[in-house]
Amino acid sequence: MAEIIDGKALAAQVRSGVRERALCFEQNNGRKVGLAVVRVGDDPASDIYVRNKIKACEECDIRSVAVVLNGDATQTDVIAVVEKLNADNDIDGILVQLPLPKHIDERAVLAAISPKKDADGFHAVNAGKLFLGEDGGVVACTPRGIMELIKSTGVDICGKHAVVIGRSNIVGKPIAALLLAADATVTVCHSKTENLAQITRTADILVAAVGKKHLVTADMVKRGAVVIDVGMNRDDSGLHGDVDFDNVKEVASYITPVPGGVGPMTVAMLLMNTVDGACGE
Ligand code: GUN
């Protein structure tokens, strides 16, 4: 039976380090580290995520500023908010909660964020640095958290076959780049992939980031694999991962639960990115 990777405990450790650095920043600079969270419209899931992020800031001595715009705000309105925050010397990190309403071009909004204040690491400059293997860029929070979760197992990534299911800009592509930078052999699968199970069965490290409840079943997992579940699928019975946890845990060596795995680490890494930005790291 797999060992369960405790994302909540690991995230608490990360947050305590972030808090120390945030307090130190405040002592040296006479102001708190500042994170601005921009939300447009009233998507209920986004509302929960944003509230969690703001609460986590409070616990880590980071000042958070929430800017909430109506769902009928224009792209120009949102970009104007971002530009104002770019110019605000008390703000170190800016996050625009996705998805944005359909009439707004997400890429245009993300491109407007100053790359140095891009707490999410979604700006093309930061994504580009990650893909070029350049230091000094901001790494997206969920992939950064996943790497910490894998490292916490003590399993050596070098030379292992890592299979990522999902090719989003937020998770799939950046986690593939990070695993490649850590010398894994990486395969990225997606909705058009043929023989998915045949590929996932060869994974030493399997990252599921598709958004389909229990897509990954036990017969798709190699015995002893490390399984990371990024899924956040909500239905009437609660929050479910992309992995059929109860059965896959019998086959894997390490597995993240949902909730309590990747989710808390995403928030912790957002705080880490914000403090890194404030300290110029
Ligand atoms: N929507 C889903 N995940 C994320 C995330 O990590 N950051 C932002 N800004 N929006 C999201």
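Residues numbered from 1 in each chain as written. Predicted model: local features only at pLDDT ≥ 70, side-chain atom pairs only at ≥ 80, totals over all residues. Heavy atoms only, no water.

Asker: How should I be thinking about the overall build of the protein in this particular structure?
Answerer: From N to C terminus, the protein includes 10 helices and 11 strands. Relative to the 2.2 N^0.38 estimate, which gives 19 Å for 281 residues, the radius of gyration of the protein is 19 Å and therefore close to what a compact globule would have. If you line up the protein on its principal axes, its C-alpha atoms span 50 × 40 × 40 Å. Within the protein, the fraction of its 281 residues that count as buried is 48%. The contacts in the protein between residues at least 6 apart in sequence include a share of 71% that link residues at least 24 apart. Looking at the protein as shown, the accessible area adds up to about 13200 Å², and 50% of this sits on carbon and sulfur atoms. Mean positive and mean negative side-chain charge positions of the protein (30 and 37 charges, respectively) differ by 1 Å. (Helix = DSSP H or I, 4+ residues; strand = E, 2+ residues; numbered from the N terminus. Rg over C-alpha atoms; globule rule 2.2 N^0.38 Å. Buried < 20%, exposed > 50% of the residue type's maximum accessible area, 1.4 Å probe, protein only. Contact = heavy atoms within 4.5 Å. Areas by Shrake-Rupley, 256 points an atom, 1.4 Å probe, with all protein chains shown as cover. Lys, Arg positive; Asp, Glu negative; His and termini not counted. Charge placed at Lys NZ, Arg CZ, Asp CG, Glu CD.)

Asker: I tried to follow the site of the ligand on my own but got confused; where do I start?
Answerer: All residues adjacent to the ligand are Lys 53, Leu 95, Val 96, Gln 97, Leu 98, Asp 120 and Phe 122. With respect to the ligand, the side chain of Asp 120 contributes an N or O atom lying 2.6 Å from a nitrogen atom. Its free accessible area being 280 Å², the ligand has 82% of it covered by the protein chains. Split into classes, the residues belonging to the shell around the ligand amount to four nonpolar, one polar and two charged. (Near = heavy atom within 4 Å. Polar contact = N/O pair within 3.5 Å; in protein donor to acceptor, adjacent residues only side chain to side chain. Nonpolar A, V, L, I, M, F, W, Y, C, P; charged D, E, K, R; others polar.)

Asker: It is not clear to me how the nonpolar core should be interpreted in this structure. Could you clarify?
Answerer: For soluble globular proteins, the rule of thumb is that nonpolar side chains tend to be buried together. By size, the foremost hydrophobic cluster in this structure holds 50 residues, and its most contacted members are Ile 62, Ile 146, Ile 175, Leu 179, Val 207 and Ile 228. For this core, the leading source of residues is helix α10 (residues 262-278), giving 10 residues. Apart from the residues lying within four places of it in its own chain, the contact partners of Val 207 are Ile 146, Val 163, Val 164, Ile 165, Ile 175, Leu 179, Ile 228 and Val 230. Val 40, Ile 94, Leu 110 and Ala 140 belong to the second-largest nonpolar core, a separate cluster that totals 22 residues. (Core = buried A, V, L, I, M, F, W, Y, C linked by side-chain atoms within 4.5 Å.)

Asker: Looking at this structure, I do not really get the sheet that holds strand β8 (residues 226-229). What am I missing?
Answerer: The strands making up a sheet associate through backbone hydrogen bonding, with each pair oriented either parallel or antiparallel. If you trace the six strands from one edge of the open sheet to the other, you get β1-β11-β8-β7-β5-β6, paired in parallel fashion. Every other strand in the sheet has two partners, leaving β1 (3-4) and β6 (185-189) as the edge strands with one partner each. Sheet topology note: the strand β5 (residues 161-165)/β6 ladder contains five bridges and is parallel. Among the inter-strand pairings, Val 163 is bridged to a residue of β6, identified as Thr 187. (Pairing = 2+ DSSP bridges.)

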